[in-house]
Amino acid sequence: IPTEVGQLTSLRYFDIEMNRCEGNLPTEIGIMEDLNELIISKNFLTGAFPTEIGDMKSIGNIAATDNNFEGQIPDELTNLWMLGKLNLDNNLFSGAIPDTI
């Protein structure tokens, strides 16, 4: 996923499910403040789940299942007041789930 994805600031729905995308989810994704749904499941995404996702004030649904994200689930997800659905299963996360999620 190219870093230029952050330039899509008016985008409301981003779905790349089952596209064999590899590598890290770019931190620039957090610039997409108008995004309502982020669907990135069933790819080969790795690395830490970006803390910048906590800046996505309009996000209501995050589906990031069946990837290889690792590390802790970021505390910044607690900033997402509009978030109604968060699905992160089948990844490699470690540590505790933030208390406020």
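Along each chain, the written sequence defines residue order, and numbers are assigned to residues from 1. Restriction of local features to residues with pLDDT of at least 70 applies here, the model being predicted, together with a cutoff of 80 or more for giving and counting side-chain atom pairs; totals for whole chains, interfaces and linings are based on all residues. Side-chain numbers come from the whole structure's heavy atoms, not from hydrogens or water.

## A word on the packing of aromatic side chains
Piece 1. Only Phe, Tyr and Trp rings are paired, with Trp represented by its six-membered ring, and only when their centres lie within 6.5 Å; those with planes under 30 degrees apart are stacked, over 60 edge-to-face, the remainder tilted. The full count for this structure, using the stated rule, is 3 aromatic pairs.
Piece 2. Relative to F93, the ring of F69 has its centre 6.4 Å away and its plane inclined at 15 degrees; by these criteria the two rings are stacked. Note that F69 is positioned in strand β6 (residues 68-71) and F93 in strand β8 (residues 92-93), a separation of 24 residues in sequence.
Piece 3. Here the term buried applies to any residue with accessible area under 20% of the maximum for its type, exposed to any over 50%, and partly exposed to those in between, with areas from a 1.4 Å probe on protein chains only. Judged by relative accessible area, F69 falls into the buried class, the value being 0%.
Piece 4. Here F93 falls in the partly exposed class, since its relative accessible area comes to 21%.
Piece 5. An aromatic cluster is present here, built from F49, F69 and F93 joined pairwise through their rings. Every helix listed is a DSSP run of H or I at least four residues long, and every strand listed is a run of E at least two residues long, numbered separately from the N terminus.

## Re the environment of N24
Piece 1. Structurally, N24 is set in strand β2 (residues 22-24).
Piece 2. Classification of N24 as partly exposed rests on a relative accessible area of 49%.
Piece 3. The spatial distance from the C-alpha of N24 to the C-alpha of P50 is 8.8 Å, given a sequence separation of 26 residues.
Piece 4. In this structure, N24 is in contact with T46 and G47, ignoring residues within four places of it in sequence. For this analysis, residues touch if any pair of their heavy atoms sits within 4.5 Å.

## Considering the environment of T9
Piece 1. Among the secondary structure elements, T9 is positioned in the segment before β1 (13-15).
Piece 2. Between the C-alpha atoms of T9 and D34, which are 25 residues apart in sequence, the distance is 6.5 Å.
Piece 3. Other than its neighbours up to four places away in sequence, T9 contacts I31 and D34.

## Quick look at the sheet that holds strand β5 (residues 61-63)
Piece 1. Strand pairing is assigned whenever DSSP detects at least two bridges linking the two strands. Strand order in this open sheet of 4 strands is β1-β3-β5-β7, and the pairing throughout is parallel. Both edges of this open sheet fall to β1 and β7 (85-87), since each of them pairs with a single strand only. Sheet twist, expressed as the average angle between the axes of neighbouring strands with direction ignored, equals 5 degrees.
Piece 2. In this sheet, strand β3 (residues 37-39) lies alongside β1 in parallel orientation, the contact comprising 3 bridges. From the neighbouring strand, F14 faces β3, where its bridge partner is L38. Lines are fitted to the C-alpha atoms to define the axes, a helix being fitted only along its stretch in contact, and any angle between axes, read from their N-to-C directions, falls within 0 to 180 degrees.

## Some thoughts on the sheet that holds strand β4 (residues 44-48)
Piece 1. Within the open sheet, the 4 strands sit side by side as β2-β4-β6-β8. Their pairing is parallel. Here the strands that pair on one side only, and so sit at the sheet edges, are β2 and β8.

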